[in-house]
Amino acid sequence: MSKKTAFVCEVCGYETSKWMGKCPRCASWDTIKEHKLDKEEFRITEKPVTISDEELPEERVILGLTEMDRVLGGGLVCGSSILLGGDPGIGKTTVCFAIASRMIELGYEVLYISGEESLRQLSSRKRRLNIKDPFSILATNRLEDILGALSEKTYRLVIIDSIQSVYNSMLPMLPGSIGQIKDVSSRLIMEMKKSETTHIIIGHVTKEGAIAGPKVLEHMVDTVLYFEGDKMLPYRMLRTIKNRYGSVDEVGIFQMQKDGLANVDNPSEFFISERADIGAGSALFPHITGSRPILLEVQSVIPKTTFSIPKRVSLGYDPNRLFIIIAVIEKALGKPFFDRDVYVNITGGLKVNEPAVDLAVAASILSSYKDVNIGADTALFGEVGLTGEIRKVMSMDIRLKECERLGIKKVFCPKGVEKIGGIEIVPVKNVKELYGHIV
Ligand SMILES: Nc1ncnc2c1ncn2[C@@H]1O[C@H](COP(=O)(O)OP(=O)(O)O)[C@@H](O)[C@H]1O
Ligand SMILES: [Mg+2]
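Residues numbered from 1 in each chain as written. Chains lettered and ligands numbered in written order. Predicted model: local features only at pLDDT ≥ 70, side-chain atom pairs only at ≥ 80, totals over all residues. Heavy atoms only, no water.

### Points about the packing of aromatic side chains
Part 1: Taken as a whole and judged by the stated rule, the model has 5 aromatic pairs.
Part 2: Following the ring pairs from residue to residue traces out a cluster consisting of F97, Y112 and F135.
Part 3: Against the face of F97 rests R125, its NZ or CZ located 5.9 Å from the ring centre.
Part 4: A cation over an aromatic ring shows up here: K370 above the ring of Y435, its NZ or CZ 4.0 Å from the ring centre. (Phe/Tyr/Trp six-rings, centres within 6.5 Å; stacked < 30°, edge-to-face > 60°. Lys NZ or Arg CZ within 6 Å of the ring centre and 35° of its normal.)

### A few points about the site of ligand 1
Part 1: In the vicinity of ligand 1, the residues found are D87, P88, G89, I90, G91, K92, T93, T94, R125, R128 and M256.
Part 2: Here G89 contributes a backbone N or O atom positioned 2.7 Å from an oxygen atom of ligand 1.
Part 3: T94 places a polar side-chain atom, nitrogen or oxygen, 2.5 Å from an oxygen atom of ligand 1.
Part 4: Relative to its free-state accessible area of 560 Å², ligand 1 is covered by the protein chains to the extent of 59%.
Part 5: At the level of secondary structure, the elements contributing two or more residues to the shell around ligand 1 comprise α2 (92-105) and α3 (119-128).
Part 6: Per-element tally for the shell around ligand 1: the top contributor is α2, with 3 residues.
Part 7: Partitioning the shell around ligand 1 into residue classes produces 3 nonpolar, 4 polar and 4 charged. (Near = heavy atom within 4 Å. Polar contact = N/O pair within 3.5 Å; in protein donor to acceptor, adjacent residues only side chain to side chain. Areas by Shrake-Rupley, 256 points an atom, 1.4 Å probe, with all protein chains shown as cover. Helix = DSSP H or I, 4+ residues; strand = E, 2+ residues; numbered from the N terminus. Nonpolar A, V, L, I, M, F, W, Y, C, P; charged D, E, K, R; others polar.)

### Things to note about the confidence of the model for the protein chain
Part 1: Of all residues in the protein chain, 95% have pLDDT values of 70 or greater, and the mean over the chain is 89.
Part 2: Ranking the elements of the protein chain by mean pLDDT puts helix α6 (residues 209-212) last with 51 and strand β20 (residues 383-384) first with 97. (pLDDT = per-residue confidence, 0-100.)

### Points about helix α9 (residues 358-370)
One turn of the α-helix equals 3.6 residues, which is why residues spaced by three or four share an orientation.
Part 1: Compared with an ideal rise of 1.5 Å per residue, which puts 13 residues at 18 Å, α9 spans 18 Å between its outermost C-alpha atoms and is within 8% of the ideal.
Part 2: Taken together, the buried positions of α9 are occupied by D358, L359, A360, V361, A362, A363, S364, I365, L366, S367, S368 and Y369. (Expected span 1.5 Å × (residues − 1). Buried < 20%, exposed > 50% of the residue type's maximum accessible area, 1.4 Å probe, protein only.)

Right, dumping it as C-alpha cells:
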C-alpha cells in the first residue's frame, strides 16, 4: 500500500494533484479539499471460466404483485440489481414495502435499509400498510453500517431507500453529491452482486435529475424502473427504462390507496373511463405497450391562433411527428393551418412512442377541425407516411381483439387487415380518405 494525497472537489468529485480555488469542472469556489488516498496494488482476483447452457440458470421469484411482475419481465430475477427512480412522494417506499412484504411471506430473508425515515416512522408505515410479518430494518445513512450488515448475514433481497441518503464518510464529498452517489452505489452493487443478493436501489429524481440524480447509476444496474404519475391523481405508472431480463416498454399501472398501492388489472377501462362524454377532437387508439394492449384516447383542439407563430403543443406524443402529421394534413386538404394552434394530448399521462398512433392523431385533429364526433365506439390505428399513405403496423390482431373486448364497433386501419369478431373494419388508404370518413 502506498499513501498518496489528492485534491478532490466536494461537489463533483473532480480530482487534481494541486489545490485550486475554483473547480474547473463544476465551477464551484472553495470546494477542493485535500484528501489522503489509499491506492491498492495491482493484483489479479478473477480468471476467465467457460460456461455451458445448463449451468447458471436464471432464477425468478414471481411476487404475485401482477403489475410489478410485469414490469420486471415476469418476476424478480434473483441476484439482479434494480434501480427505482421517481419524484419524492410518488410512492417508491410504499411499493418497496409491498415487495419486501411479499418476499417475506414467500419465506425469503429481506433487509430494508432506510436512510430517510426513523424506526418509529417505518414501524408506523408497516402498520398503516397492514404488513403482519416481522421486518428486518436498518435505519442508517452510513455506508460502513450497510457493508457491515451485509457481511454479517446473506439476504435474498436488500432494499436501499434512498441512494442519495447514504454516504461514505471516508470521502471528502458532501452526502448526495454525484461523487458520493457513484462511490456508494458502485461499492454496494459490487458487494451484493458478489453474494447474489437481489437488490433494489431507490433514487429520487431531483430538478437536476439528469446529473445528480439516479441517472448516473443507470449503467451500473440490470433494470431501471421509473415511477411516474400526477401526485394529485390516484394512479401511478411504473415504467421500464432498461431491463437486462425483459422488454423495455412495459408499463405497470397502480392505484394509490390508503393502505398502499393496488394493481389496476384492466388499464383500458381505466384510461377511457370517461368514454361516454367523448366529443369532437377525440379519437380512441389501441396502443401496444410491452406485452399488452391498452385502449387510449387521443385529444386535439385547434383554435384560431392569437400568436404571430401558431403554437404546436404535444403531450404524450412526439412533437416532431406532430409537425409531420400537420404537414401531411395540410397537403391532403390543400389548406394551410398557419392560422391555427394545434394542441394534442394523450389522456391519462401515457407517452406513446409507436407510429401506430399517427392515424388516431390525424383523425382527432380532423375531427376537431370539422367539429364532428368520431364516436365512442370507433377506434383507429395505422402509421401515416410522408405522402399521406396509411401503413401497416405490428400486432394488428392484438389491437383488434382488445377493441372487440371493450365493445368497439368500428375500426379504421390500414388496408389488408383481417376482420375479427363482429367489428366493422374500415380500410383507409390515405389521409384524404380519412378526411372523407369523418362526417
Ligand atoms: N403516514 C402517511 N399517512 C397517509 N398517507 C401517507 C403517509 N405516508 C405516505 N403517504 C402517502 O403515500 C404516498 C407515497 O409515499 P411514499 O411511498 O413515502 O413516497 P416516496 O417514497 O416515493 O417518497 C404519499 O404521497 C402519500 O400520499
Ligand atoms: Mg420514500
